[in-house]
Every structure is written in C-alpha cells, then in structure tokens.
Amino acid sequence: MKTYIKILSLFAVLSFTIGFSSCSDDDDPMAVKTYEQEDYMARPAINTVFVNTGEKDAFNTTLPKDGAATWGAKFKTKLLALNAGYTTNLLGLDATTFSNVLAADVLTVSLTEPTTFYNGTQVLTGRALADDVITVELILIFGGPDATSNPNLTDDHVDANDKAFLTSFPYLAEAH
Amino acid sequence: MKKYSKKNFAILLISTLVILSGVYLIAADHIDAPAVTGKGSDITDVYAFQSPANSSNMVFVVNVQGLLAPSATAAATFDPEVMVEINIDNSATKDNVEDLVIQATFENGKVQVYGPVAPLQTGLNSTLVTTGNIVEATVSPYKGTLSMGEKNGIKVFAGPRDDPFFFDLDAYKAIIGGTSTKFNNPGNDTFKGTNVLSLVVEVPKSMLGTGSVNIWATSNRRK
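Everything in this summary refers to the structure shown in the same document. Quick caveat: nothing in here was measured; it's all calculated off a predicted structure. (Residues numbered from 1 in each chain as written. Chains lettered and ligands numbered in written order. Predicted model: local features only at pLDDT ≥ 70, side-chain atom pairs only at ≥ 80, totals over all residues. Heavy atoms only, no water.)

Before going further, it helps to spend a moment on empty space enclosed by the protein. All names here are of chain B. Tallied over the entire structure, the rule returns two cavities of 30 Å³ or more. Looking at the largest cavity, its volume works out to about 40 Å³. Residues of the lining of the largest cavity, tallied by class, amount to seven nonpolar, no polar and three charged. The computed volume of the second largest cavity comes to approximately 30 Å³. Along the walls of the second largest cavity sit Glu 85, Glu 98, Val 101, Gln 103, Pro 119, Leu 120, Gln 121, Ser 126 and Thr 127, which together make up its complete lining. For the lining of the second largest cavity, the elements supplying multiple residues, two or more each, are β4 (100–107) and β6 (125–127). Here the residues of the lining of the second largest cavity are counted per class, giving three nonpolar, four polar and two charged. (1 Å grid on protein atoms, 1.4 Å probe; cavity = no way out; pocket = protein on both sides within 12 Å on 5 of 7 lines; lining within 4 Å. Points joined across faces, edges and corners; volume = space filled by probe spheres on them. Nonpolar A, V, L, I, M, F, W, Y, C, P; charged D, E, K, R; others polar. Helix = DSSP H or I, 4+ residues; strand = E, 2+ residues; numbered from the N terminus.)

Written as structure tokens, this is what we have:
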C-alpha cells in the first residue's frame, strides 16, 4: 500500500512538474502573454486628419496622457492650415484649447446620459453607430462659433450608413 | 542610369504607391499609418454606446481590417498575434490612464474576452489578465451562423460585419488636394458595400464605474 501511495505521489509530482514546465511553452494558455501597442484610436479620424505623414506611427504609439503635450502644438498648426480663419468653434474652444483636447485622444462615454457624439443636446457622451461623426467634426473644424461659417465644408452630405443597424446584439449590420 | 538603379527604382515605385494609397484610402482610422496598414492590427473605428436593448448595459465596438470587398471577406481572419484592448479611465480626475481593460484575443477560431479588469501594468505594453471574467465565443463565419458568447452578463461577438462608418472620402480628399472647394450634395459614401472584422462586447455599466469614463482602443502585437 505504501509503495502504491509513493508511486501515486511521484506521479503527482511528475504531473505537477510537467504541468508547471508547460507554462513556459509559448503556446500554452497558462503562459504569461505580453503584447506591445501598434494602433491606437478613440475619436474618429484624428490620426488621419491631424497627424502629418511620417509621424502617424509615432501617434499610434503615444499614450493619451501624453497626447496634449506631445501633439497639441502640431495639431494647432494643422488646424490653422485646414482653416486659416479659425477663431473658436461651436464648443467655444479657441485653437489652442481645441487642439489640446483633440491631441489627448480619448472618447468620453457617459454612464447615465444618452450616448452620442452630438445629438443637439448631448455633446461627446459616446459614439453610437448611426452618429454622423464626420459632419460633427467638420462643423467643429470649419463651422466657426455658431456652425455657420464655410457652409460648403461643414457637411459631406452622407448622413447615414448604407445598411440599417440591428436593434439587438451585435447591432452591426450583416456583412455585404 | 546609375542614378536610377533597379533597386532605387523599385523603392521609388513602392514609396509612390504607399503615398498614393495613403492619400486615397485613409479614413476614420482605416489604414492610418504605415506600421499597421494591411495588417490585422489596423483599427478602423471605435464605438461606445448604451445598449439599444438594455439601458443598464454599455456596448463597445472595435473594428479592424477595413475596406474589405465582399469577395475578400470570407478569407479575412483576425490575427492570432494581435490582442485588441479597450482601455477605460474611470478615475475622478480623468488622468487618461487606464483603470480597467477589456482584452480580446483571437486564436483557433475563437475569440476570448478578458475583463473588465484592472490591468497588470499601464502604458505601451499589456499583459493578458486571466484572473477576471473570461468569455469565449466562436468567431462567426462570413454569411454563416451568427455565434455569440455570454457569461456573467457580458456578451461577446467577433466576425465580419458591414462597415458602419460612412463618409464621402473622395470629396474630402479633393478638397484637401485643392481640386475642389466644397462637398457634393448628395454626397457619395466611400464605405458603401465594404466590410470590416468586428469585435462587439456588451457589459453591465455597473462593471465600468460611475458618472462617465474615458475610453480608447489599442491593438497590440504579441511579444
């Protein structure tokens, strides 16, 4: 009986050792898996519109806490290149403030209010599938303090998706 | 002719193509930067909205690999070396440092979603946190049966969907390029008829914090 227990114990130790050593195996689910950031986004089109060619990979490996300090001044230069007549926008933000807000690229999401990029009442409380985010951004870049400046540039006149969204999970329309 | 060796010409040609494709195809975050263009890590869009089906829940969508033609969609797959992370700052000060993460990996035809859970470290490197919620689902095939996973109130979907993004990108590039001074009315949706690979995660708001949170998505390659 003792021998039997000893064999069992040995087997247990062996299994444990085998199990444990397999943790270092690259493909083992128990292995610690570490990953390095390659792409980053929050608000739509920020890297595309505000970051110069040659710096886009650098923006993608920025942390949002460092965004304003790293990219704020460059975003302001780009903003004024897009709209030389920029004064303030519908949010009342001057060029420096608006650029710093955009450069710290995060999406604020309300846990209590309706979630929308802009619905006439709520501003930047999330991003819903049907939100016309590009038109909102065009208004904030080109529309001036009351959204009436540069009327030819503040709406791309594509106001909705080409397929209807679902009312139940997973909400996105089936693939074409 | 020495100046234009075959190698130099090839480099010139490739650079020109890269520049041209950059000008013509960039959009919300589609093909935004050289290091991610054409890779499984290229995030196209991020969405965060209250569930249309349950006001106690929040839905996060992260799309990758945009501008998929229907003919290319069946063959498109999530990259098993890429982890998609939704970063959530729920601090009172909104310091834009993640307090919670939702992490998704795509291996062997399955999506596994970890969290929401406190990250093991903040910054450019992320370690998979396997000690919290883990929800698994089969990655849904193109035009096939829709699969989803659900556990502890968390719902998970991964698979090809219509790209929900819409924009007259051609008109925008004409304006930026100086060949036009205005958008057209009606506009033309450059993303009409194209697909993406979508990750959809629905979680109870109570797991996220109170008031509001700041979120951002990252794609991260296995080290």
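What follows covers the interface of chain B and chain A. Tallying the contact residues gives 95 residues for chain B and 69 residues for chain A. Considering only the side of chain B, the residues that lose the most area to chain A are B:Leu124, B:Phe166 and B:Arg222, jointly responsible for 12% of the buried surface there. For the pair chain B and chain A, the interface holds three salt bridges. With its nearest N and O atoms 2.9 Å apart, the salt bridge here joins A:Glu38 to B:Arg221. Linking chain B with chain A are 42 residue pairs in polar contact (both at pLDDT 80 or more), by the criterion used here. If one sorts the elements of the side of chain B that touches chain A by residue count, strand β11 (residues 212–222) of chain B sits on top with eleven residues. In terms of residue class, the side of chain B that touches chain A is built from 45 nonpolar, 28 polar and 22 charged. (Contact = heavy atoms within 4.5 Å. Buried area = accessible area lost by both parts, 1.4 Å probe. Salt bridge = Lys/Arg side-chain N within 4 Å of Asp/Glu carboxyl O. Polar contact = N/O pair within 3.5 Å; in protein donor to acceptor, adjacent residues only side chain to side chain.)

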